[in-house]
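These are the residues of each chain, in order.
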Amino acid sequence: MVNKEIKIDVTDKTCPGPLVEVRKTLNKASPGDIVVVTGKHSVSKKEIPMVAEGMGLEVIDTIEKDGKWKIKIQR
C-alpha cells in the first residue's frame, strides 16, 4: 500500500475554518497518509497540532517562514 501526501492550503481562512478543514481531511485520510497543512493564522498553528495529537496522530514537523507555516501530520 502506498501512502499519499494530502495538501491543504488554509492560508486565506481564519478560525474555525482551518481546524474544521484539517479534521475532515484527517478523518478521510488512510492510515499512514501524510497531511500537509499550509496557513498563516497564528491560532490555527497552535490548535491544529494539539487536535492531531488528541486524535492519537503524529505531528511530524512544523515549519514557519515569512509569516506562513506548514504542519505535517501522519494519519
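Here the residue numbering is sequential within each chain, running from 1 through the sequence in written order. Local features in a predicted model are, by the rule used here, given only for residues with pLDDT of at least 70; side-chain atom pairs are given and counted only at 80 or more, and totals for whole chains, interfaces and linings are based on all residues. Note that the side-chain values use all heavy atoms of the structure and ignore hydrogens as well as water.

## Describing the nonpolar core
- Only buried residues count toward a nonpolar core. Its members are Ala, Val, Leu, Ile, Met, Phe, Trp, Tyr and Cys residues joined through side-chain atoms within 4.5 Å. Residue exposure (1.4 Å probe, protein chains only): buried if accessible area is under 20% of the type maximum, exposed if over 50%, otherwise partly exposed. Within the largest apolar cluster, 16 residues are counted, with the highest numbers of intra-cluster contacts made by V22, V37, I48 and I73.
- Strands are runs of DSSP state E lasting at least 2 residues, helices are runs of H or I lasting at least 4, and numbering of each runs from the N terminus. Only α1 (17-28), β2 (34-39), α2 (42-54) and β4 (68-74) provide two or more residues apiece to this core.
- When checking whether two residues touch, look at their non-hydrogen atoms; a contact exists if any pair is within 4.5 Å. Ignoring any residue separated from it by four or fewer positions in sequence, one finds V37 in contact with I8, V10, V22, I48, W69, K70 and I71.

## What to know about the pairing of strand β3 (residues 58-65)
- Following DSSP output, two strands are said to pair if at least two bridges run between them. Pairing of β3 with β4 involves seven bridges; the strand directions are antiparallel. Each bridged residue has a counterpart across the sheet, and for E58 the counterpart in β4 is Q74.
- Between the antiparallel neighbours β3 and β4 lie two residues, among them D66 with a positive phi of about 55 degrees.

## Concerning the pairing of strand β1 (residues 5-9)
- Alignment of β1 against β2, held across five bridges, turns out to be parallel. From the neighbouring strand, I6 faces β2, where its bridge partner is V35.
- Following the chain from β1 across α1 to the adjacent parallel β2, one finds a crossover that is right-handed. Think of it like this: strands point away, you trace from the first strand over the helix to the second, and a clockwise trace means the crossover is right-handed.

## Looking at the sheet that holds β2
- One open sheet holds the four strands; their spatial order is β1-β2-β4-β3, and the pairing between them is mixed. The open sheet terminates on both sides in strands that have one partner only, identified here as β1 and β3. Going from strand to strand, the sheet's axes swing by 15 degrees on average, the running direction of each strand aside.
- Here β2 runs beside β4; their pairing, made up of six bridges, is antiparallel. By the bridge assignment for β4, V36 is matched with K72. Every angle, taken between N-to-C directions, lies between 0 and 180 degrees, and every axis is a line fitted to C-alpha atoms, over only the stretch in contact when it is a helix.

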